[in-house]
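Chain by chain, the residues run as shown.
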Amino acid sequence: MTQDEMKQAVARAARDYVADRLPLGAILGVGTGSTANFFIDEIAGIKERIGGTVASSEATARRLAGHGLRVLDLNDIDAMGIYVDGADEIDGGMAMVKGGGGALTREKIVAAVAGTFVCICDASKRVQTLGRYPLPVEVIPMACAHVSRELVKLGGAPKRREGMVTDNGNLILDVHGLSITDPAGLETEINQIVGVVTNGLFARRGADVLLLATADGVQTCMR
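Below is a short write-up of the structure. Just so you know, these numbers come straight off a predicted model, no measurement behind them.

### What to know about the environment of A215
At step 1: The residue A215 is located in the loop between strand 12 (209-214) and strand 13 (217-222) in this model.
At step 2: We classify A215 as exposed; its relative accessible area is 59%.

The structure is reproduced here in structure tokens:
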């Protein structure tokens, strides 16, 4: 199977998971990225079951609306049963690195509200230790140089993502060279740097369910 075929397979598995477990008319959170896009295309076929969606980015909101799915503001809902999103990396403890698409802050907010966080990805994203993929950090523009210096002190090599302004009007620093053995601890430490909005470590609120596409089919892992 090609990587796109695996993404399509896991998107179908996630659609079936939602169809089986999301109460009729409930709210579904939807993430950002190429695998999430395949998922959006799949849930268009069950949109009558979904009471509304919450999007983690403007791009996701447009794709959902294009399929006729109702898109709601997170402030207008009281509860969200399931949130489905991809990951750039995920370890055995269900901690993730996310933010390759630049939507990490909104993704983290939506994940915090969801009852169940379902991560969908292909087998190339499963790692023993996070850090092979550069860690995205969203920063207030005026703090970019300061945050970069502080990230160097933590052992990273930050590089500003050229041409990227987030939906929140901020910048992204991609931090290379990290070996993340304590994801929750590093998540907190980076978030304490003045000028950081948030970082792409999803450890304190990791995935509850992993649907992992492999050459032999989609595997389901639970935390």
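### Considering helix 2 (residues 34-43)
At step 1: Buried within helix 2 we find T35, A36, F39, I40, E42 and I43. Along the axis of helix 2, the buried residues cluster in a sector spanning 160 degrees; they form a single face.
At step 2: Residues of helix 2 that are buried in the fold lie against helix 1 (3-21), strand 1 (27-30), helix 3 (58-66), strand 3 (80-85) and strand 6 (114-122).

### A few points about the pattern of salt bridges
Should the charged atoms of two oppositely charged side chains come close, the side chains can pair.
At step 1: For the structure shown, the criterion picks out 12 salt bridges.
At step 2: Among the salt bridges present, the one from K153 reaches E150, with a minimum N-O distance of 3.0 Å. Taken as a pair, K153 and E150 lie in helix 5 (residues 144-153) at a separation of three residues, close to a single helical turn.
At step 3: Residue E150 is classed as partly exposed on the basis of its relative accessible area of 23%.
At step 4: Between D208 and R223 there is a salt bridge whose closest N-O contact spans 3.0 Å.

### A closer look at the environment of E42
At step 1: Within the secondary structure, E42 is located in helix 2.
At step 2: Considering only alpha carbons, one finds E42 and G217, 175 residues apart in sequence, at a separation of 17 Å.
At step 3: Only 2.7 Å separates the side chain of E42 from the side chain of R15, close enough to count as a polar contact.

### Points about the sheet that holds strand 2 (residues 52-55)
At step 1: Strand order in the open sheet formed by six strands is 2-1-3-6-12-13, and the pairing between neighbours is mixed. Taken across any chain shown, the strands that pair with only one partner, and hence form the sheet edges, are strand 2 and strand 13. Across this sheet, the average inter-strand angle for adjacent strands is 20 degrees, counted without regard to direction.
At step 2: Pairing geometry for strand 12 and strand 13, over six bridges, is antiparallel. What sits directly across from L212, in strand 13, is Q219.
At step 3: Running over the sheet, helix 1 touches strand 1, strand 3, strand 6, strand 12 and strand 13 and is turned about 145 degrees from strand 12.
At step 4: Those strands touched by helix 2 are strand 1, strand 3 and strand 6, and its axis lies near 150 degrees from that of strand 1.

### A few points about the sheet that holds strand 5 (residues 96-97)
At step 1: Ordered in space as 4-5-11, the three strands form an open sheet in which the pairing is antiparallel. The sheet is open, and its two borders are formed by strand 4 (89-90) and strand 11 (201-202), each paired with just one other strand.
At step 2: Where strand 5 meets strand 11, two bridges bridge the pair, whose relative direction is antiparallel. Bridging across to strand 11, M96 finds its partner in F202.

### Notes on the packing of aromatic side chains
At step 1: Applying the stated criterion across every chain, the model contains two aromatic pairs.
At step 2: Measuring from centroid to centroid gives 5.0 Å for Y83 and F117, while their planes differ by 40 degrees, and the two rings are tilted. Taken together, the residues span a long stretch of sequence, with Y83 in strand 3 and F117 in strand 6 at a distance of 34 residues. F117 shares its class with Y83; the two are buried.

### Thoughts on the pairing of strand 7 (residues 135-139)
At step 1: Counting buried positions along strand 7 yields five of five residues, so the element is predominantly enclosed.
At step 2: Because side chains alternate across strand 7, one face comprises the buried residues L135, V137 and V139, and the other comprises P136 and E138, equally buried.
At step 3: Both strand 7 and strand 9 (residues 171-176) contribute to a ladder of five bridges, which runs antiparallel. Following the sheet pairing, L135 is matched in strand 9 by V175.
At step 4: Note: strand 7 against strand 10 (residues 196-199), three bridges, orientation antiparallel. Bridge pairing in strand 10 links V139 to V196.

### Looking at the side chain of T32
At step 1: As for its position among the elements, T32 is in the loop between strand 1 and helix 2.
At step 2: One polar contact links T32 to S56, side chain to side chain, over a distance of 2.7 Å.
At step 3: Only 3.2 Å separates the side chain of T32 from the side chain of T60, close enough to count as a polar contact.
At step 4: Setting aside its immediate chain neighbours within four residues, T32 contacts S56, S57, T60, D85, A103 and E107.

Cut-offs used in this document
Residues numbered from 1 in each chain as written. Predicted model: local features only at pLDDT ≥ 70, side-chain atom pairs only at ≥ 80, totals over all residues. Heavy atoms only, no water. Helix = DSSP H or I, 4+ residues; strand = E, 2+ residues; numbered from the N terminus. Buried < 20%, exposed > 50% of the residue type's maximum accessible area, 1.4 Å probe, protein only. Arc of directions from axis to C-beta. Contact = heavy atoms within 4.5 Å. Salt bridge = Lys/Arg side-chain N within 4 Å of Asp/Glu carboxyl O. Polar contact = N/O pair within 3.5 Å; in protein donor to acceptor, adjacent residues only side chain to side chain. Pairing = 2+ DSSP bridges. Axes fitted to C-alpha atoms, helices over the stretch in contact; angles between N-to-C directions. Phe/Tyr/Trp six-rings, centres within 6.5 Å; stacked < 30°, edge-to-face > 60°.

Fair warning: the whole summary comes from geometry, so function is off the table for now.
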